[in-house]
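Okay, here's what each chain looks like letter by letter:
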Amino acid sequence: ISSITSVFAPNANAIDDSTLQLQQIPQTFVRKGKNFSYSLNLPPVFTPGNKPLQTHVDEMLFTTSNVSGYSYGITIDPVRINSISQFGTPEEVAARVVGVEVNRDGVFDVTLNSTADVGHGQYQLDYVSSGKRGIKHLVNRVGVDSGMLYVLTVSCKDKDWAVYKDEIESVVKTFSISINEVM
């Protein structure tokens, strides 16, 4: 039986709170399992939950009742590589992500806005997905550490993007993946 620990703690220094729309003091969420560990500073109005059907080694979904369609999701899967660059450049990884997204049921179109190597062994992708459930703006942070692929996906309705863009970008910057550094 594997042991997974999750901890929430207030973190007044975590994020420049001038960018936060939904709250005042961010909270740090730390999750550690046998072969993975990560942390993320979130507005406290987001609550953790698990997806009904889990298909990854670990997955968390953070939602808020304050804003419909705004969420942070984290998935972790084993991989046979040691760094995200072994998957390819940010543009090559983005092409794979967009290819998967556009082939999802109900998705009509995906527009890639930007890609970047943000350091710390992570890439960031920004794209818009249009489908029968509406238009969503998504930001992914992807990285590999100790044979595990970490994917942070932030989703909000495209019509809300301008309101939450700064908050999302601030939160995404706090995503830390490393079995040796977290906790």
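As shown above, the structure is provided for reference.
In this text, all values refer to a predicted model and were calculated from it rather than measured experimentally. (Residues numbered from 1 in each chain as written. Predicted model: local features only at pLDDT ≥ 70, side-chain atom pairs only at ≥ 80, totals over all residues. Heavy atoms only, no water.)

> I'd like a rundown of the packing of aromatic side chains, residues and numbers included.
For the structure on display, the rule yields eight aromatic pairs. Pairing Phe29 with Tyr38 gives two aromatic rings, centres 6.3 Å apart and planes at 40°, and the pair type is tilted. Of the two residues, Phe29 and Tyr38, both sit in the buried class. Residues Phe36 and Tyr38 carry aromatic rings whose centres are separated by 6.5 Å and whose planes lie at 20° to one another, so their mutual orientation is stacked. (Phe/Tyr/Trp six-rings, centres within 6.5 Å; stacked < 30°, edge-to-face > 60°. Buried < 20%, exposed > 50% of the residue type's maximum accessible area, 1.4 Å probe, protein only.)

> An account of the sheet that holds strand 6 (residues 71-78) is requested, with residue identities and associated values reported.
Pairing is antiparallel in the open sheet, where seven strands are placed in the order 4-5-6-10-9-8-7. Here the strands that pair on one side only, and so sit at the sheet edges, are strand 4 (47-49) and strand 7 (107-119). Shown here is a sheet whose adjacent strand axes are inclined to one another by a mean of 20°, direction ignored. As paired elements, strand 8 (residues 122-131) and strand 9 (residues 134-145) share 10 bridges and run antiparallel to each other. Residue Gln122 lies in a different strand from strand 9, and its bridge partner there is Gly143. Sheet strands in contact with helix 1 (residues 90-102) are strand 7, strand 8 and strand 9, and its direction is about 155° off that of strand 7. (Pairing = 2+ DSSP bridges. Helix = DSSP H or I, 4+ residues; strand = E, 2+ residues; numbered from the N terminus. Axes fitted to C-alpha atoms, helices over the stretch in contact; angles between N-to-C directions. Contact = heavy atoms within 4.5 Å.)

> Tell me about the nonpolar core, residues and numbers included.
Residues Tyr38, Tyr70, Tyr72 and Ile168 are the most contacted members of the largest nonpolar core, which totals 26 residues. Counting only elements with at least two residues in this core, the list comes to strand 3 (37-42), strand 5 (58-63), strand 6, strand 10 (148-157) and helix 2 (161-173). Residues in contact with Ile168, not counting those within four places in the same chain, are Tyr70, Tyr72, Val139, Val154, Cys156 and Trp161. Counting residues in each nonpolar core, the second largest holds 15 residues, with Ile81, Val142, Val144 and Val151 among its members. (Core = buried A, V, L, I, M, F, W, Y, C linked by side-chain atoms within 4.5 Å.)

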